[in-house]
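Observations on the model geometry
Below are the chains, spelled out letter by letter.
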Amino acid sequence: MVDCESIRSKLDEYVDGTLPPLEYREVKAHLIQCDSCNKEAEELFLITESIENMLVDPPELLNKRILAKIAQDNKWRKRRYQRLVKWTAATILIAGIVYFLPRQIPVDTTGGNVAIHSRGKNVIIDGNTLHGDLTVVGGDVYVEGEIKGNVTSIDGQVSAMVDGEGFWEKCLTVIKEIWRGFTGGDSI
Amino acid sequence: MFSDQELVKMTLKGKKDSFEDLVNRYSRKVYSLALRMLRAPLDAEDVTQEAFLRAYRSLDTYNPDYPFINWLLKIASNLCIDRVRKDQNVSFTDTDDELTLLPQSTYKDPETATLGKENLTELLGALYSLPAKYQLIILLRYLEGLKYEEIATILEEPVGTVKTRLHRARKLLKDRYYNKEEGEMHG
Ligand SMILES: [Zn+2]
């Protein structure tokens, strides 16, 4: 004869239908003879079955509202994506400009020969005329003005600004080109 | 008729109508859980919308080895618990207040109900008086009909914990429901 306590501990799973067949039959047999355990089981059944019946239909328009919200989210996400692409492009551009920007070192053009240790920066000789030689150590040289003497760059390159196009005009052309590539025709 | 997994795949490929099928299929289950957790129909609608939206946004993280509805109910459960916690700071300090918040006009009297409408309202009252995590586990088990293992996955708890918690929740619910009834008979 099984005791009530061991039956009670199995009632949950009995009600849930998860007891193995042998134990299920054991509990069922006990419930027929024992009023107090049977009452306990019936109460559990009543409660759990009542909760099973608590499913409700949502308001009629809820599904449509959900789908509208998702559609809205889609549009918003698309717009956000486009904005993100533009901002990324702009950021890359600015970073690029800053990176490639010849960090200018002022050159005193009034004297004769000039020697500069540029410490990684680039040297621009702008519109002025340098009468002597120019020697730069450790950086590129952009010659936009006129140098009467020799230009020497140690560890760097010497570039001339040709075609009358200044450095900034050149930059701007490149920027516009990159921007067109990113945005497919949009202007800044 | 496509399976949930097929509908998810199609949605991910850009076929919008596929997600609509999933919404039509499961909004009832999600809404019912939310309503029974939150009591207020407007809150339940809110959470249902939010749950589907979140599911849609993170659809690519859904693991098709598990039933879609379980994943959806997990999202909804978390939203409900969050909201209950937030609300607890504001209201629901008194059990009597909770009873006045019953969604009495919104629940349908089920034809097969084993309890009359009045008793069902009382059972709901007892359910609402339980701690939120007990409410949730009872609803996942009986309202949604999930197995212990499935509940364990949703709650991210071991199956043993689920069984223990479910046992306590059921006992508490039964005690509160029947004690209330007795109390009324005597008083
Ligand atoms: Zn017994």
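Here the structure is shown first, and the text comes after it.
The structure presented is a predicted model; accordingly, all values stated were derived computationally and were not measured.

**Describing the nonpolar core**
Grouped together as the largest cluster of nonpolar side chains are 69 residues, with contacts concentrated most on Ile 51 of chain A together with Phe 19, Met 37, Phe 68 and Leu 173 of chain B. Leave out the neighbours within four places in its chain, and Phe 68 of chain B touches Asp 4, Gln 5, Val 8, Phe 19, Leu 22, Tyr 26, Leu 59 and Tyr 62 of chain B. Counting residues in each nonpolar core, the second largest holds eleven residues, with Ile 7, Leu 11, Val 15 and Leu 19 of chain A among its members.

**Some words on the sheet that holds strand E7 (residues 151–154) of chain A**
All names here are of chain A. Spatially, E1-E4-E7 is the arrangement adopted by the three strands of the open sheet, whose pairing is parallel. Whereas interior strands pair on both sides, the edge strands pair on one side only; in this sheet they are strand E1 (114–117) and E7. On average, adjacent strands in this sheet sit at an angle of 10° to one another, irrespective of strand direction. Bridge analysis of strand E4 (residues 134–137) against E7 gives four bridges, and the strand direction is parallel. Counterpart to Thr 135 in the pairing with E7 is Thr 152.

**Let's talk about the coordination of the zinc ion**
Protein-derived ligands of the zinc ion are Cys 4 of chain A (SG), His 30 of chain A (NE2), Cys 34 of chain A (SG) and Cys 37 of chain A (SG), with the metal-ligand distances lying across 2.1 to 2.3 Å. Metal-centred angles of 102 to 114° between the four donor atoms at the zinc ion mark the site as tetrahedral.

**Observations concerning the packing of aromatic side chains**
The geometry of an aromatic ring pair is captured by the separation of the ring centres together with the interplanar angle, meaning the angle of the planes. Residues and elements named next belong to chain A. Enumeration over the complete set of coordinates arrives at nine aromatic pairs over all chains. Consider the rings of Tyr 14 and Phe 45, whose centres lie 6.1 Å apart with planes at 75°: the pair is edge-to-face. Within this pair, whereas Tyr 14 is found in helix H1 (residues 4–16), its partner Phe 45 is found in helix H3 (residues 35–52), the two being separated by 31 residues in sequence. Tyr 14 gets classed as buried once you look at its relative accessible area, which sits at 7%.

**Some thoughts on the pairing of E1 of chain A**
Residue and element names in this part refer to chain A. Residue alternation in E1 divides its side chains into a buried set, Val 114 and Ile 116, and an unburied set, Ala 115 and His 117. Pairing between E1 and E4: four bridges, direction parallel. Each residue of the ladder has a partner; that of His 117, found in E4, is Val 137.

**What to know about the side chain of Asn 70 of chain B**
Residue and element names in this part refer to chain B. Among the secondary structure elements, Asn 70 is positioned in helix H4 (residues 68–90). With relative accessibility at 7%, the residue Asn 70 sits in the buried group. Other than its neighbours up to four places away in sequence, Asn 70 contacts Leu 146, Glu 150 and Ile 154.

**With respect to the environment of Leu 120 of chain B**
Relative to the elements of secondary structure, Leu 120 of chain B occurs in helix H6 (residues 117–128). For the pair formed by Leu 120 of chain B and Tyr 177 of chain B, sequence separation is 57 residues and the distance between their alpha carbons is 9.9 Å.

**Examining the pattern of salt bridges**
Between side chains of opposite charge, a pair can form when the charged atoms approach closely. For the structure shown, the criterion picks out 21 salt bridges over all chains. Note that Arg 65 of chain A is salt-bridged to Glu 45 of chain B, the shortest N-O span being 2.3 Å. Of this pair, Arg 65 of chain A sits in helix H4 (residues 62–100) while Glu 45 of chain B is found in helix H3 (residues 41–57), placing the two residues in two different chains. On the basis of relative accessibility, which here comes to 35%, the residue Arg 65 of chain A falls in the partly exposed class. Assessed through its relative accessible area of 10%, Glu 45 of chain B is described here as buried. The closest approach of N and O atoms between Lys 74 of chain B and Glu 156 of chain B, which form a salt bridge, is 2.6 Å. Placement of Lys 74 of chain B in helix H4 and of Glu 156 of chain B in the loop between helix H8 (148–155) and helix H9 (159–186) is noted, with a sequence separation of 82 residues between them. Classification of Lys 74 of chain B as partly exposed rests on a relative accessible area of 22%. Each of Arg 8, Lys 39, Glu 40 and Glu 43 of chain A together with Lys 174 of chain B takes part in salt bridges that share partners, so that together they form one network.

**Points about H3 of chain A**
Between its first and last C-alpha atoms H3 of chain A spans 25 Å; for 18 residues at 1.5 Å apiece the expected length is 26 Å, and the two agree. Residues of H3 of chain A that are buried: Cys 37, Ala 41, Glu 43, Leu 44, Ile 47, Thr 48, Ser 50 and Ile 51 of chain A.

**Points about the environment of Arg 25 of chain B**
Residues and elements named next belong to chain B. Looking at the element boundaries, Arg 25 is found in helix H2 (residues 16–38). Since its relative accessible area comes to 25%, Arg 25 is described here as partly exposed. Sequence separation between Arg 25 and Asp 4 is 21 residues; the distance between their C-alpha atoms is 9.2 Å. When residues no more than four places from it in sequence are discounted, the contact partners of Arg 25 are Met 1, Phe 2, Ser 3, Asp 4 and Leu 7. Only 2.5 Å separates the side chain of Arg 25 from the side chain of Asp 4, close enough to count as a polar contact.

Criteria and cut-off values
- Residues numbered from 1 in each chain as written.
- Chains lettered and ligands numbered in written order.
- Predicted model: local features only at pLDDT ≥ 70, side-chain atom pairs only at ≥ 80, totals over all residues.
- Heavy atoms only, no water.
- Core = buried A, V, L, I, M, F, W, Y, C linked by side-chain atoms within 4.5 Å.
- Buried < 20%, exposed > 50% of the residue type's maximum accessible area, 1.4 Å probe, protein only.
- Contact = heavy atoms within 4.5 Å.
- Pairing = 2+ DSSP bridges.
- Helix = DSSP H or I, 4+ residues; strand = E, 2+ residues; numbered from the N terminus.
- Axes fitted to C-alpha atoms, helices over the stretch in contact; angles between N-to-C directions.
- Donors = N, O, S within 2.8 Å, 3.2 Å for Na, K, Ca; no water.
- Tetrahedral: all angles 85-135°; square planar, octahedral: opposite > 155°, others 65-115°.
- Phe/Tyr/Trp six-rings, centres within 6.5 Å; stacked < 30°, edge-to-face > 60°.
- Salt bridge = Lys/Arg side-chain N within 4 Å of Asp/Glu carboxyl O.
- Expected span 1.5 Å × (residues − 1).
- Polar contact = N/O pair within 3.5 Å; in protein donor to acceptor, adjacent residues only side chain to side chain.

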